[in-house]
Amino acid sequence: MQALTYDEQGNYEKAIVYWDKAIKMNPHNALYYVCRGADKDELENYMDAIQDYNLAVQTDSFLICGYMNRAGSKYAIKDYAGAIKDYNTALKIYLFKTEHLQIKFVPLPNKLPFGNMTIDSNNLIEEPQYHIDDIIIYRGQAYYQMDSLNLALNDFTHCIDRQFCLPFCYYWRASIYHKQGNADAAYNDLRQVLFYADKDSDIARQAQKVLEKGLDMLEAYDLTGDAK
């Protein structure tokens, strides 16, 4: 599909032109809206991206990636309450599919925005696959940004208990403990970051800096490794 070729090249403006054509030919394919919205996210055109995700979930109300992408766009514009609502919807759909339809999912790469599609053997676009921890870790970030620290703490602790994305989860939990005034717990989690992270990674260097210079240097990291 031509649009995906331009996506791989990073030419999102051109990709959007071809997603427009694909949607015109088949307006009932919800994944086309998600793909176009993801390209708009890449261009930081978040409001238009949200409109595409709205169309996606209106077309297919069980499309997890529609809610996940829309949550990511809302997070980007600091609509954290809206993001949490979409993460919770995605979580409910995930649980329904796994419990009632017995579908097995695998984790996504740790990056935003979601919407990276693949082509199956019949040249049809497939929805990205999700794990429950993918959803919970992003919801935890949104809770943190809203200062709902206990809820954020629950989400990151859940992921740590499940051995998921440990350097990031320990770093975020350290940030929560720091906000709550629990310095000992924050320092302990930062040491865990150094234990689990690649020593040359940005998050390991940041954790080391905080351990050396104090918790006032602590910044929250998103899953792309960017300080917030």
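Per-chain numbering applies: the sequence of each chain, read as written, is numbered from 1 onward. Confidence filtering applies because this is a predicted model: local features only for residues at pLDDT of at least 70, side-chain atom pairs given and counted only at 80 or more, and all residues used for totals across whole chains, interfaces and linings. Derived side-chain values reflect all non-hydrogen atoms in the structure, with water molecules and hydrogen atoms excluded from consideration.

**Student:** For the environment of Y144, give the residues involved together with the corresponding values.
**Tutor:** Here Y144 lies in helix α7 (residues 132-145). Put simply, Y144 and W172 are 28 residues apart on the chain and 8.6 Å apart in space, counted from C-alpha to C-alpha. Residue contacts are counted whenever heavy atoms from the two residues lie within 4.5 Å of one another. What Y144 contacts, discounting residues up to four positions off in sequence, is L149, A152, W172, S175, I176, K179 and A220. Secondary structure elements are defined from DSSP: runs of H or I of at least 4 residues count as helices, runs of E of at least 2 residues count as strands, and each element is numbered from the N terminus.

**Student:** Before we move on, could you go through the packing of aromatic side chains and cite the residues and values that matter?
**Tutor:** Two rings from Phe, Tyr or Trp (for Trp, the six-membered ring) form a pair when their centres are within 6.5 Å of each other. A pair whose planes differ by under 30 degrees is stacked, one over 60 is edge-to-face, and the rest are tilted. Within this structure, the stated rule accounts for nine aromatic pairs. Centre to centre, the rings of Y144 and W172 are 5.1 Å apart; their planes meet at 85°, and the pair counts as edge-to-face. On the criterion of sequence distance, the pair formed by Y144 in helix α7 and W172 in helix α9 (residues 166-180) is long-range, its members being 28 residues apart. Think of it in three bands: with a 1.4 Å probe and only protein chains considered, a residue is buried below 20% of the maximum accessible area for its type, exposed above 50%, and partly exposed in between. For Y144, a relative accessible area of 9% translates into the label buried. Given the relative accessible area of 0%, W172 is considered buried. Centre to centre, the rings of Y170 and Y196 are 5.8 Å apart; their planes meet at 10°, and the pair counts as stacked. Residue Y170 is located in helix α9, and its partner Y196 is located in helix α10 (residues 183-196); the two are separated by 26 residues in the primary sequence. Taken together, the aromatic side chains of Y144, F156 and W172 make up a single cluster linked through ring pairs. Sitting over the ring of Y18, K21 keeps its end group 4.5 Å from the ring centre. Note that K179 overlies the ring of Y144, its terminal NZ or CZ placed 4.3 Å from the centroid. For a Lys NZ or an Arg CZ to count as sitting over a ring, it must be within 6 Å of the ring centre and within 35 degrees of the ring normal.

**Student:** Describe helix α2 (residues 12-25), listing the residues and the values that go with them.
**Tutor:** Residue count minus one, scaled by 1.5 Å, sets the expected span of a helix. For α2, built from 14 residues, the straight-helix expectation of 20 Å at 1.5 Å per residue is met to within 8% by its first-to-last C-alpha distance of 20 Å. Of all the positions in α2, only A15, I16, W19, A22 and I23 are classed as buried. The arc that holds the buried residues of α2, viewed along the axis, is 120°, so those residues lie on one side. Residues of α2 that are exposed and point over 90 degrees away from its buried face: K24 and M25. Picture the helix axis, draw a direction to every C-beta atom, and the arc is the one those directions span.

**Student:** Describe the pattern of salt bridges, and please don't skip the residues or the numbers.
**Tutor:** The salt bridge criterion pairs a side-chain nitrogen of Lys or Arg with a carboxyl oxygen of Asp or Glu, the two atoms within 4 Å. Counted according to the given criterion, the structure contains ten salt bridges. In this structure, K74 and D86 form a salt bridge, with 3.2 Å as the shortest nitrogen-oxygen distance. Residue K74 is located in helix α5 (residues 64-76), and its partner D86 is located in helix α6 (residues 80-100); the two are separated by twelve residues in the primary sequence. Side by side, K74 and D86 carry an identical accessibility label, which is buried. For R139, the salt bridge identified is with D155, shortest N-O distance 2.8 Å.

**Student:** Go over the side chain of R173 with me, naming the residues and quoting the values.
**Tutor:** Along the chain, the position of R173 falls in helix α9. Non-local contacts of R173, meaning those with residues more than four positions away in its chain, are made with L153, F156, T157, I160 and D189.

**Student:** Which residues make up the packing of α9 against helix α11 (residues 202-213), and what values do they have?
**Tutor:** A fitted line through C-alpha atoms serves as each axis, taken over the contacting stretch for helices, and the angle formed by two N-to-C directions is quoted from 0 to 180°. Remark: α9 packs on α11, axes separated minimally by 11 Å, with the N-to-C direction vectors making an angle of 30°. Relative to α11, α9 is oriented so that their crossing is left-handed. Contacts between α9 and α11 involve P167, F168 and Y171 from the first element and I203, Q206, A207 and V210 from the second. Basically, the charged four are Asp, Glu, Lys and Arg, the nonpolar ten are Ala, Val, Leu, Ile, Met, Phe, Trp, Tyr, Cys and Pro, and anything else, Gly included, counts as polar. By residue class, the composition of the contact of α9 with α11 is six nonpolar, one polar and no charged. For any helix crossing, the convention is left-handed if the near helix is rotated counterclockwise from the far helix by under a right angle, and right-handed if that rotation is clockwise.

**Student:** Mind laying out α9, listing which residues take part and the relevant values?
**Tutor:** The end-to-end C-alpha distance of α9, which contains 15 residues, comes to 21 Å, matching closely the 21 Å that a straight helix rising 1.5 Å per residue would cover. Where burial is concerned, most of α9 is hidden: twelve out of the 15 residues are buried. Within α9, burial applies to L166, P167, F168, C169, Y170, Y171, W172, R173, A174, S175, I176 and Y177. Turning to α9, the residues buried within the fold contact α5, α7, α8 (149-161), α10 and α11. The first or second residue beyond α9 is G181, which carries a positive phi of 85°.

**Student:** Any chance you could break down the state of the cysteines for me, citing the residues and the numbers?
**Tutor:** Note that a disulfide, as used here, is simply two cysteine sulfur atoms within 2.5 Å. The final tally for this structure, using the stated rule, is zero disulfides. The closest cysteine sulfur to the non-disulfide-bonded C35 is located on C65, 7.7 Å from its own sulfur. Take C35: its relative accessible area is 2%, and that puts it in the buried class.

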